[in-house]
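Summary of structural features
The primary structure of each chain is shown beneath.
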Amino acid sequence: FGSAAMATVNLRAVTSWVGIARLCAVVLACLAFSLVASTGIFQGPYGTWCMFSWCFCFAVTLLVLALELLELHPALPLSWDDFTSAFSMLAALMVFTTSVVFPSTFISSPCRGGTCARQAVATAASCLCFLAYAVEVGLTRAKPGDVSSFLSTVPGLLKVFEAYVACLIFSLLDAYASEAGLQWCVAVYSICFIVTLLIIIFTIGRCLAYIPCPLEKMLVVYNALAMAMYLTATVIWPLYSFRGRNRPDPCGRDCWWNKRLGVTFLTIFNLIAYLVDLVYSTRMVFIRAP
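Remember, predicted model here, so these are calculated numbers, not experimental data. (Residues numbered from 1 in each chain as written. Predicted model: local features only at pLDDT ≥ 70, side-chain atom pairs only at ≥ 80, totals over all residues. Heavy atoms only, no water.)

Notes on the UniProt feature "transmembrane region" (unreviewed entry) in the protein
Where we set the bar: UniProt positions are given in the numbering used here, feature names are shortened, and annotations may be inferred rather than shown by experiment. Numbering of helices and strands runs from the N terminus, with a helix taken as a DSSP run of H or I at least four residues long and a strand as a DSSP run of E at least two residues long.
Taken from the UniProt record, the annotation "transmembrane region" (unreviewed entry) applies to residues 20-42, 49-67, 87-108, 120-140, 160-177, 184-204, 219-240 and 261-280. Measuring from the first to the last C-alpha atom of residues 49-67 gives 27 Å, for a span that is 100% helix and 0% strand. Helix makes up 100% of residues 261-280 and strand 0%. Its end C-alpha atoms lie 29 Å apart.

Things to note about the state of the cysteines
Stated precisely, the cut-off is as follows: The disulfide definition used here is simple: a pair of cysteine sulfur atoms within 2.5 Å. Using a 1.4 Å probe on the protein chains alone, a residue whose accessible area is under 20% of its type maximum counts as buried, one over 50% counts as exposed, and one in between counts as partly exposed.
Enumeration over the complete set of coordinates arrives at zero disulfides. For cysteine 127, which is in no disulfide, the shortest distance to another cysteine sulfur is to cysteine 129 and amounts to 9.9 Å. Of the residues examined, cysteine 127 reaches a relative accessible area of 35% and is grouped as partly exposed. Of all cysteine sulfurs, the one in cysteine 185 lies closest to cysteine 192, which takes part in no disulfide; the gap is 11 Å. The buried category is assigned to cysteine 192, whose relative accessible area is 1%.

A word on the pattern of salt bridges
Two side chains bearing opposite charge may form a pair once their charged atoms approach each other closely. Where we set the bar: Here, a salt bridge means any side-chain nitrogen of Lys or Arg that lies within 4 Å of a carboxyl oxygen of Asp or Glu.
In total, this model carries five salt bridges according to the counting rule given. Between glutamate 68 and arginine 22 there is a salt bridge, and its shortest N-O distance comes to 2.9 Å. Of this pair, glutamate 68 sits in helix H3 (residues 44-69) while arginine 22 sits in helix H2 (residues 17-39), and the two are 46 residues apart along the sequence. Note that lysine 159 is salt-bridged to aspartate 277, the shortest N-O span being 2.2 Å. Linking lysine 159 in helix H6 (residues 154-172) with aspartate 277 in helix H9 (residues 256-286), this pair joins segments that are 118 residues apart in sequence.

Describing the nonpolar core
To be explicit about the condition: Put simply, a nonpolar core is a bunch of buried Ala, Val, Leu, Ile, Met, Phe, Trp, Tyr and Cys residues held in one set by side-chain atoms that sit within 4.5 Å of each other. Residue ranges labeled as domains rest on an automatic or database domain assignment. Here, two residues are considered to be in contact whenever any of their heavy atoms come within 4.5 Å of each other.
Within the largest apolar cluster, 67 residues are counted, with the highest numbers of intra-cluster contacts made by Trp54, Tyr133, Ile169, Tyr189, Cys192 and Tyr230. Put simply, the parts of the chain that give this core at least two residues each are H2, H3, helix H4 (80-106), helix H5 (113-140), H6, helix H7 (180-204), helix H8 (215-242) and H9. Ranked by the residues each element gives to this core, the list is headed by H4, at twelve residues. Here this core spans two domains, and each of domain 1 (7-149) and domain 2 (153-289) adds at least three residues to it. Once residues lying within four places of it in the same chain are set aside, the contact partners of isoleucine 169 are Tyr189, Tyr230, Val263, Leu266 and Thr267.

A look at the side chain of glutamine 119
For glutamine 119, the position within the fold is in helix H5. Accessibility expressed as a relative area gives 3% for glutamine 119, which makes it buried. Those residues in contact with glutamine 119, other than ones at most four positions away along the chain, are Thr39, Ile41, Phe102, Phe106 and Ile107.

Here we look at the environment of isoleucine 20
For isoleucine 20, the location among the structural elements is in helix H2. By relative accessible area, which is 33% here, isoleucine 20 ends up partly exposed. Among residues more than four places away in sequence, those in contact with isoleucine 20 are Val14 and Thr15.

Overview of H5
Rules: One less than the number of residues in a helix, times 1.5 Å, gives the span that helix is expected to have.
Helix length check: H5, at 28 residues, gives a terminal C-alpha distance of 41 Å against a target of 40 Å (1.5 Å per residue), a fit within 8%. The set of residues buried in H5 consists of Cys116, Gln119, Ala122, Thr123, Ala125, Ser126, Cys129, Ala132, Tyr133, Glu136 and Val137. Elements that come into contact with the buried residues of H5 comprise H2, H3, H4 and H6.

Description of unusual backbone geometry
A positive phi angle is found at glutamate 71, which is not glycine, with a value near 55°. Among the residues examined, glutamate 71 registers a relative accessible area of 37% and is labelled partly exposed. The phi angle at arginine 206 is positive, at roughly 55°, despite the residue not being glycine. Tracing the sequence through the fold places arginine 206 in the loop between H7 and H8.

A word on the confidence of the model for the protein
To keep things clear, this is the line we draw: You can read pLDDT as the predictor saying how much it trusts each residue, on a scale of 0 to 100.
Residues at a pLDDT of 70 or more form 93% of the protein, whose mean pLDDT is 87. By mean pLDDT, the top-scoring element of the protein is H2 (95), and the lowest-scoring one is helix H1 (residues 12-15) (86). Counting contacts from residues 1-5, a segment whose pLDDT is below 50, to residues more than four positions away or on other chains yields zero contacts.

Here's the deal with the domain arrangement of the protein
Frequently, the measure chosen for interface size is the accessible area removed from exposure when the parts meet. For the record, the criterion: Summed over both partners, the accessible surface that disappears when two parts come together, traced with a 1.4 Å probe, is what is meant by buried area. Counting of polar contacts relies on pairs of N or O atoms within 3.5 Å, with two restrictions inside protein: one atom must be capable of donating a hydrogen and the other of accepting it, and residues adjacent in sequence are counted only when both atoms are side-chain atoms. Polar here means any residue outside two lists: the nonpolar Ala, Val, Leu, Ile, Met, Phe, Trp, Tyr, Cys and Pro, and the charged Asp, Glu, Lys and Arg; Gly therefore counts as polar.
You can read the domains of the protein as domain 1 (7-149) and domain 2 (153-289). The C-alpha-based centres of domain 1 and domain 2 are spaced at 25 Å. In this assembly, 22 residues from domain 1 lie in contact with 13 residues from domain 2. Approximately 1,500 Å² of surface area, both sides summed, lies buried where domain 1 meets domain 2, with 73% of it carried by carbon and sulfur atoms. Applying the counting criterion to the domain 1 and domain 2 interface returns zero salt bridges. The tally of links between domain 1 and domain 2 comes to four residue pairs in polar contact (both at pLDDT 80 or more). Sorting the residues of the side of domain 1 that touches domain 2 by element identifies H3 and H4 as the ones contributing at least two each. The element best represented in the side of domain 1 that touches domain 2 is H4, accounting for ten residues. Class assignment of the residues belonging to the side of domain 1 that touches domain 2 gives a composition of 13 nonpolar, six polar and three charged.

So this is what it looks like as structure tokens:
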């Protein structure tokens, strides 16, 4: 027999610092959802979200490791560096949210018994999993002047953050059809989310070459418009949400006041994100690295 065809194995996929961070994230996410599943206490939308976040991040990270270990990712019709950068940022945000939501929703005080102990360990594993993804984001982030992979640059990572915060805003929206001001705010959230998501998809799908104008200049214009729109929403949303309406007493977990207050803070977060995005994208256009 001649030399048999063998699959190429790239051990650096699991021995490099990025690979080690991904392995840690896989183990910790698996530990978190396994412990919570063993308790059987994850009912309701918050519990479903937490389990989905851990399982989704575990599955995709395991797939990324397998594709890089076997060196199969070059055959995929997408920009692999952009995909992995975007996913690591998304996973860090999802696991961070889960690490806050799960203990505040399911761990009672005082914490006693084996069930509570497993929930506490799952929370600790989730926090460490977030740190693993944050380390991966830091290790794969493009150096200043390197724009070969857009989603690994600061503006690219901010795009993922902006889209994720918009999703959180959508999850908190309740009745807004009665006020024209609130309808405008929802339109702002929706328009900016759709455009930002399209930028991410086009980047991963290598479709930016079909855009008739340079990406950097388009980003400057879009970020300026998005920041202006979010600035109006930052003023209008709390004005129309709380005008003449006091906080109910009691105000439980699903209280409209808490949801609208959450939307207010998330709107401010995205306004700051678009401002920072505008600054960085402007530097990419007008301040070239040597």
